[in-house]
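Architecture and fold: a report
Each chain, written out:
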Amino acid sequence: MKPLFSIIIPHYDIPDLLMRCLKSIPVSKEIQVIVVDDNSPEADTYLERYSELSRPYLEFIRTTKGGGAGYARNVGLEHAKGEWLLFADADDFYVEDMYDIISSNADSEADVIYFKKESVLSENIIQKTDRDIYIDRMINNYYANGDEWPLRFMYCPTWGKMIKRDLINKFNIRFEEIRYSNDAFFSLFVGYHAETIEVVNKVLYVLTSRPDSLVANYCSKPNELRIRSEVHYRSDLFLHQHQMCKERSMKQYLLLMFNNDRKLFKYYFFKLDEIYPSKLSALRDFCKNKPLRFKIKFYLYSFLVWTRIL
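To start, this report covers the structure provided alongside it. (Residues numbered from 1 in each chain as written. Predicted model: local features only at pLDDT ≥ 70, side-chain atom pairs only at ≥ 80, totals over all residues. Heavy atoms only, no water.)

1. Brief notes about the packing of helix H9 (residues 224–241) against helix H10 (residues 250–260)
Viewed as axis vectors pointing N to C, H9 and H10 meet at an angle of 145 degrees, and their least axial separation amounts to 9 Å. Helix-helix and strand crossings are classified by hand; for H9 and H10 the assignment is left-handed. Contact residues: Leu225, Arg228, Ser229, His232, Tyr233 and Asp236 in H9; Met250, Tyr253, Leu256 and Met257 in H10. (Axes fitted to C-alpha atoms, helices over the stretch in contact; angles between N-to-C directions. Helix = DSSP H or I, 4+ residues; strand = E, 2+ residues; numbered from the N terminus. Left-handed = near helix turned anticlockwise from the far one by under 90°. Contact = heavy atoms within 4.5 Å.)

2. Side note on empty space enclosed by the protein
Using the criterion set out here, one finds 1 cavity of 30 Å³ or more in the structure. There is about 40 Å³ of room inside the largest cavity. What lines the largest cavity is simply Phe153, Met154, Cys156, Ala184, Leu188, His232, Ser235 and Ser249. Those elements that provide at least two residues to the lining of the largest cavity are helix H6 (149–154), helix H8 (184–193) and H9. In the lining of the largest cavity, the residues fall into 5 nonpolar, 3 polar and no charged. (1 Å grid on protein atoms, 1.4 Å probe; cavity = no way out; pocket = protein on both sides within 12 Å on 5 of 7 lines; lining within 4 Å. Points joined across faces, edges and corners; volume = space filled by probe spheres on them. Nonpolar A, V, L, I, M, F, W, Y, C, P; charged D, E, K, R; others polar.)

3. Remarks on H10
Inspection of H10 places Met250, Tyr253, Leu254, Leu255, Met257 and Phe258 among the buried residues, and these make up the whole buried set. Next to the buried residues of H10 lie H9, helix H11 (262–269), helix H12 (279–287) and helix H13 (292–306). (Buried < 20%, exposed > 50% of the residue type's maximum accessible area, 1.4 Å probe, protein only.)

4. A look at the nonpolar core
Of all hydrophobic cores here, the largest spans 81 residues; its most connected members are Ile9, Leu22, Leu53, Tyr94 and Phe186. In contact with Phe186, not counting residues within four places along its chain, are Leu77, Phe87, Thr158, Ile163, Ile168, Ile173, Arg174 and Phe175. Tyr268, Phe286, Cys287 and Tyr301 belong to the second-largest nonpolar core, a separate cluster that totals 25 residues. (Core = buried A, V, L, I, M, F, W, Y, C linked by side-chain atoms within 4.5 Å.)

As structure tokens, this is what we get:
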């Protein structure tokens, strides 16, 4: 008998937090849990030290590549058997009634189901945070006006969703094996290919904040801004070429470049008319709702770059 759900969890060197995540998932023959360890230093001791990894219906897969979360998730996909796919990060966890929530939506005809999330501090889970608050805004916006576009194309993380495995297999959708934003194109293609989606106004997933996580101090780590910018430029380009680009995720990254990496700013400035109708329309978009002082500084610098004075 095949499971109804497969939950894929990439892991690297945070076993105590992984145990918290696993304990939030009930043991059930309907839930296949796949933990893919991405070559943690002490992974060969985990099965001996953590009995949770030996529980029924859980597969613990060790890799030796050290390929990152995208690679680990792709390994998990090869082992998934459930009708529905869910993804979790090892330092997060599910709400107490997660089984009731997912099982009550298992008969949905939708290809993707989107849920709300909560955000808390990892070391003090009663302390709420505002991490990724934009996701709840998308869902609230959907309930206000029925707009699916932001959920399909701007909800980049894979947690907080139920995805039909048949959709993934039909279009061979996989994660990019890169250090940052490995889930952006996966989620983009899921949203693009899904015939129908459903949005549930309930919290399924609890997102945590840690000072040493990949998303801490956003875009301040070596090559992080470059890698994330390239991913989101390609994402905007895909949507622009398919005449589906209502917003551009590249906007926030160009503003980060303007403040932190002028060389990278210049590189992408000359590619803006590939994702906007024109460079001028891009500049207007970047400066929308910004203070006058910023607008003057941004337009002046952009003009100097445009004329190749800088």
